[in-house]
Amino acid sequence: MSTLKKRFMLAQVARNRQKRLNALLKAPLLPSKIRNNLGFYLVACDFRLTWRCNSQCIFCDIWKVYRDPDSYLRDHGEGLNVSKDEMTTEEIKKVLDDLERMKTKNITFSGGEPTLRSDLCELISYAHHKGMSTIINTNGIAITEAYADRLVSSGLTVANFSIDGPTAELHDSFRGKGVFEKAVRGIKAIRAMSEKHGRYVWINVNAVINKKNYMSLTQFIERKKEWGVDSFSLGPVNVSENEASVYKDTEEFRLEVEDIRKIKEIFSGATLKRFQEAGLLTRLPFGDSEEELQQNARNCYTHPWQYCFIPWIRTVVQPNGDVLPCCYSPGEYVVGNLKAHSIAEIWDGQAYRMFRKKCKPISHPICRWCFLFKHTNERLTPFLKLINYGAR
């Protein structure tokens, strides 16, 4: 491990200690906050800066908002609010000021494709100078060496790259011709500029597991050193049985029960050890029982008896300033708009509280698709029940 990476990890330990201290100071309030559906500690905020995107991924149709809006509206109806309006630089900075007062430590800039916002580096720098960790979720297409230089020098902490296969042929079949080469160029540029500036940037690769690529995912181990990647995360493809779903056209990529069994076999034993030794350990959202596997094959990962703590500690901001209680909630769950109210007012507002109330246990239908916080919530559920989480 390089000295630069060691310093980065020590700094992250210090940040995590501060987050734990902030949470500990609020701990006596936790039972009443949960019972009354009031926000506990806003640890992380995800700014979806824009719906614009420079790719046309098979697993996503956000790009249609600008390129084929009629098709998008046919698929979504009155669901997700995808106004083309975007918050200005100053409006976002004002929200970051409020988040600083709330002691929020993690800021993610996503989209759409966040690199299409001309003020991305300015926003990263603004958050960085407030002591916040800054994260981007990107396809990497626009990250040249010059742009990587700006990102790193702005104070970027983590870069999440979406790459669905270890080869150009596979990745480009999902995301468009020539995208793989540009994404890998972006990864290498971030690593090179990280070394140039003496500021370690953690690089993670996100891959969408599907029927077409899962047999080749272990090849990412060989790419780790070549690209300069630190971690690797997997998320299953989202294929809904709902005929109105925007994902209905991706049926050919659906993971069947047998596929899931094979994936679990692949990421076990010697292969799992190789991933661990490479620092690429990935926790899969799949269950163990036959019933769970059948549910997983229908994109269901959350049990109806499960409790969800995430709306008490995280939030999402849409491009137009709408606030969502989590990254999986569609537009009908908007709990406020930052052009009308502050994040602090929205955080403990009536709409947010009503959403939290239906998370104990989970009763929002959309939550069944969520795999992101499955393990976190499973660990927390016994404790939350102990403090009478479900009251009121």
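Above this text is the structure in question.
One structure accompanies this document, and this report is about it. Source: prediction; values computed, not measured. (Residues numbered from 1 in each chain as written. Predicted model: local features only at pLDDT ≥ 70, side-chain atom pairs only at ≥ 80, totals over all residues. Heavy atoms only, no water.)

1. Observations regarding the overall build of the chain
Secondary structure assignment for the chain yields 16 helices and nine strands. Looking at the chain as a whole, 55% of its 392 residues qualify as buried. As displayed, the chain offers around 17,600 Å² of accessible surface, 52% of which is attributable to carbon and sulfur atoms. (Helix = DSSP H or I, 4+ residues; strand = E, 2+ residues; numbered from the N terminus. Buried < 20%, exposed > 50% of the residue type's maximum accessible area, 1.4 Å probe, protein only. Areas by Shrake-Rupley, 256 points an atom, 1.4 Å probe, with all protein chains shown as cover.)

2. With respect to helix α6 (residues 120–128)
Among the residues of α6, Leu120, Cys121, Leu123, Ile124 and Ala127 are the ones counted as buried. With its buried residues spanning 160° around the axis, α6 presents them on a single face. Looking at the packing, one finds that the buried side of α6 touches α5 (89–101), β2 (106–110), β3 (133–138) and α7 (145–154). (Arc of directions from axis to C-beta. Contact = heavy atoms within 4.5 Å.)

3. Quick word on the sheet that holds strand β4 (residues 158–162)
With mixed pairing, the nine strands of this open sheet are ordered in space as β6-β5-β4-β3-β2-β1-β7-β8-β9. The two strands at the open ends of the sheet, each matched to only one other strand, are β6 (231–236) and β9 (336–337). Across four bridges, the pairing between strand β1 (residues 44–48) and strand β7 (residues 314–317) is parallel. Counted as the bridge partner of cysteine 45 is threonine 315 from β7. Where α6 meets the sheet, it contacts β2 and β3, and its direction lies at approximately 155° from that of β3. (Pairing = 2+ DSSP bridges. Axes fitted to C-alpha atoms, helices over the stretch in contact; angles between N-to-C directions.)

4. Here's the deal with the packing of aromatic side chains
Overall, the coordinates contain 15 aromatic pairs when judged by the stated rule. Taking the centre distance of 6.2 Å and the plane angle of 15° together, the rings of phenylalanine 309 and tryptophan 312 count as stacked. Of the two residues, phenylalanine 309 and tryptophan 312, neither departs from the other in class, the shared state being buried. Aromatic side chains tryptophan 347 and tyrosine 352 sit 5.2 Å apart centroid to centroid with 75° between the ring planes, which places their arrangement in the edge-to-face category. Per residue, the accessibility class of tryptophan 347 equals that of tyrosine 352, and both read buried. Among the aromatic residues, those joined into a cluster by ring pairs are Phe180, Phe220, Trp227, Phe232, Phe267 and Phe275. (Phe/Tyr/Trp six-rings, centres within 6.5 Å; stacked < 30°, edge-to-face > 60°.)

5. Notes on the packing of α5 against α6
Direction vectors running N to C along α5 and α6 enclose 20°, while the axes themselves pass 10 Å from each other. In terms of orientation, α5 lies roughly parallel with respect to α6. As α5 packs across α6, the resulting crossing turns out to be right-handed. Judged by residue contacts, Thr89, Ile92, Lys93, Leu96 and Asp97 of α5 engage Glu122, Leu123, Tyr126 and Ala127 from α6. Grouping the amino acids of the contact of α5 with α6 by side-chain chemistry returns five nonpolar, one polar and three charged. (Parallel < 35°, antiparallel > 145°, perpendicular 65-115°, else oblique. Left-handed = near helix turned anticlockwise from the far one by under 90°. Nonpolar A, V, L, I, M, F, W, Y, C, P; charged D, E, K, R; others polar.)

6. Here's the deal with the nonpolar core
If you look at the biggest cluster of nonpolar residues, it comprises 71 residues, and the most contacted ones within it are Phe47, Leu99, Leu151 and Ile190. Ranked by the residues each element gives to this core, the list is headed by helix α9 (residues 179–197), at seven residues. Beyond its immediate sequence surroundings of up to four residues, leucine 99 is in contact with Leu42, Cys45, Phe47, Thr104, Ile107, Met132 and Ile343. (Core = buried A, V, L, I, M, F, W, Y, C linked by side-chain atoms within 4.5 Å.)

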